[in-house]
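Listed here are the chains, written in short residue letters.
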Amino acid sequence: MADLLIKAVFLVLFFGVMVGIGIYCRRHVTDVNGFVLGGRSVGPWLTAFAYGTSYFSAVVFVGYAGQFGWKYGLAATWAGIGNAILGSLLAWVVLGRRTRVMSQHLDSATMPEFFGRRFGSRALKLCASAIIFIFLIPYTASLYNGLSRLFGMAFSIDYSVCVVVMAALTAVYVIAGGYMATAINDFIQGIIMLAGIAAVIFAVLQSQGGFLAALEKLARVQGESPIPGVYASFFGPDPVNLLGVVILTSLGTWGLPQMVQKFYAIKSEAAISKGTVISTVFALVVSGGCYFLGGFGRLFGERVDIAADGFDAVIPAMLSGLPTLLIAVVVILVLSASMSTLSSLVLTSSSTLTLDFIRGNLIREMDEKRQVQWMRGLI
């Protein structure tokens, strides 16, 4: 009972802060620009953390870290390093300034609107809007799946309850405060993710006798590879496919509208330079830490049945033996990762459907107040 109370207190405090920030930011949302882009006045720290927390969700922590850590061992850490260099640093350098300048020049608030004005094509705008709205739905579903695994482990709560509660609470602060509320909450959630991943890695390694002892045990794991010690090696059992994983998980972010839209909202070109550094360090710690943690997954093979439960069960199995306080931290960590990504996804979906599809097509005349009402309703 005491264990459950500790976890519940952490959750109530977390949700209280998130909702409170949404209500606080409500007074800043007076028009479409304020609701979708925070008035294009978001600083480097908020933007960098918003980018990073939208990038790394429960999918990375529970799904990818477990799957690729199991397959490649410690070499999976390269995926985290690739995410930091290709998915964050290079994306900011190549896309950051150009996207901000052009989106302001064309006065576009969404990616489809940018395409439509940049290439003078209404059809392209409508097509991009439909693609974004449709294909962000399965992306969102994956967030719920990762979260339900952790909640099932910590609280024995039914999956459907997790979905409803997470959706409702995220909706409250996004509907109330728009982009600025998501950016401030992303910053807080990002700090939780940084501290949480460091604490979890330390605790898991300590449960195996420390880093060197865990590394020695991992070197003795045979697995499916005939090469001795391969899961504790620099490049793992399959470096070619590992390179594919690095590219897959890094370059895909360049085309995600909820990621690129962060550059629309940043306040200045000087802020982009600072944001580049902050975002890269954040990605290195969070993504590198997740994959590094997953690399030790095979040491907990007796707790998980891959054939029956899949790779999503690896990380929960690693964490199931941790103290109650750390389990609570893990739950908040995964909640932070999931809700930050979810808030970006639903804001992107609702804004592109309203501004690029409904406005001017289904409803010819929409003033700013009505556009914001539609976006809030769709969220």
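**With respect to the overall build of the protein**
Okay, step 1: The helix and strand tally for the protein stands at 16 helices and 0 strands.
Okay, step 2: Relative to a compact globule of 379 residues, whose C-alpha radius of gyration would be 21 Å, the protein shows 21 Å and is just as compact.
Okay, step 3: A principal-axis box enclosing the C-alpha atoms of the protein has dimensions of 65 × 50 × 35 Å.
Okay, step 4: Looking at the protein as a whole, 55% of its 379 residues qualify as buried.

**Some words on the side chain of threonine 77**
Okay, step 1: Here threonine 77 shows up in helix α5 (residues 77–105).
Okay, step 2: Given the relative accessible area of 18%, threonine 77 is considered buried.
Okay, step 3: Setting aside its immediate chain neighbours within four residues, threonine 77 contacts Gly288, Tyr291 and Phe292.

**Description of the layout of surface pockets**
Okay, step 1: Within this model, the largest pocket holds a volume of roughly 250 Å³.
Okay, step 2: Considering the residues around the largest pocket, the lining is formed by 14 residues, among which Tyr55, Tyr64, Tyr139, Thr249 and Leu256 are closest to the centre.
Okay, step 3: Those elements giving two or more residues to the lining of the largest pocket turn out to be α4 (58–72) and α10 (239–251).
Okay, step 4: Top element by residues in the lining of the largest pocket is α4. It accounts for 3 residues.
Okay, step 5: By residue class, the composition of the lining of the largest pocket is 9 nonpolar, 5 polar and no charged.
Okay, step 6: Of the volumes computed, that of the second largest pocket is approximately 210 Å³.
Okay, step 7: Forming the boundary of the second largest pocket are 13 residues, of which Val32, Asn33, Asp107, Ala109 and Glu368 lie nearest the centre.
Okay, step 8: The dominant element in the lining of the second largest pocket, judged by the number of residues it contributes, is helix α2 (residues 32–37), at 3 residues.

Rules behind the numbers
Positions within a chain are numbered from 1, following the residues in the order the chain's sequence is written. In view of the model being predicted, local features appear only for residues whose pLDDT reaches at least 70, and side-chain atom pairs are presented and counted only at 80 or more, with totals across whole chains, interfaces and linings using the full set of residues. Side-chain numbers come from the whole structure's heavy atoms, not from hydrogens or water. Elements are defined by DSSP. Helices are runs of H or I of four residues or more, strands are runs of E of two residues or more, and each kind is numbered from the N terminus. Here the globule rule is a power law, 2.2 Å times the number of residues to the power 0.38, and the radius of gyration is based on C-alpha atoms. The classification of residues rests on relative accessible area computed with a 1.4 Å probe and restricted to protein chains. Under 20% of the type maximum is buried, over 50% is exposed, and intermediate values are partly exposed. Two residues form a contact once any of their heavy atoms are found within 4.5 Å. Grid points spaced at 1 Å over the protein atoms alone were grouped into cavities, where a 1.4 Å probe fits but cannot get out, and pockets, open sets with protein on both sides within 12 Å along at least five of seven lines, with lining residues defined by an atom within 4 Å of a point. Grid points are joined across faces, edges and corners, and a volume is the space filled by probe spheres set on the points. When residue character is reported, Ala, Val, Leu, Ile, Met, Phe, Trp, Tyr, Cys and Pro are called nonpolar, Asp, Glu, Lys and Arg charged, and the others, Gly included, polar.

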